[in-house]
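# Architecture at a glance
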Amino acid sequence: MKVNAKEFTDLLKAAPSSQILLNLEVEGSDSHKVFLQDLQFDALTGYSSR
C-alpha cells in the first residue's frame, strides 16, 4: 500500500477520534470503506512505519 505521507499525517491530526474510516481504492476494483485498525510509528522519525 502506498500513501502520501503529508495527506495521511493531516488526516490523523484532523481525526476527532481513534476510529478512522477510509476509502481504499484497489487497482482494477471498486473502492471499499475500511476502518484503520492498527498504526505503528517509527521511534526515530515519528512517521508511521506500516
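What you see is a predicted model, and the numbers here were worked out from it, not measured in a lab.

Calculation criteria
Residues numbered from 1 in each chain as written. Predicted model: local features only at pLDDT ≥ 70, side-chain atom pairs only at ≥ 80, totals over all residues. Heavy atoms only, no water. Helix = DSSP H or I, 4+ residues; strand = E, 2+ residues; numbered from the N terminus. Buried < 20%, exposed > 50% of the residue type's maximum accessible area, 1.4 Å probe, protein only. Areas by Shrake-Rupley, 256 points an atom, 1.4 Å probe, with all protein chains shown as cover. pLDDT = per-residue confidence, 0-100. Contact = heavy atoms within 4.5 Å.

### Remarks on the overall build of the chain
A tally of regular secondary structure across the chain gives one helix and two strands. Counting helices and strands in the order they occur from the N terminus, the chain gives α-β-β. Expressed as lengths along the three principal axes of its C-alpha atoms, the size of the chain is roughly 35 × 25 × 20 Å. The proportion of buried residues among the 50 residues of the chain is 4%. Put simply, the chain shows about 4,800 Å² of open surface, and 51% of that area lies on carbon and sulfur atoms.

### A short note on the confidence of the model for the chain
For the chain, the mean per-residue pLDDT works out to 80, and 90% of the residues sit at or above 70. When mean pLDDT is compared element by element in the chain, strand β2 (residues 31–35) scores highest at 91, while helix α1 (residues 5–14) scores lowest at 83.

### As for the environment of Leu-22
Tracing the backbone through its elements, the reader meets Leu-22 in strand β1 (residues 21–25). On the basis of relative accessible area, Leu-22 is assigned to the partly exposed category, the value being 23%. When the C-alpha positions of Leu-22 and Lys-33 are compared, they lie 5.7 Å apart, and in sequence the two are 11 residues distant. Residues contacting Leu-22, with those up to four places away along its chain left out, are Leu-11, His-32, Lys-33 and Val-34.

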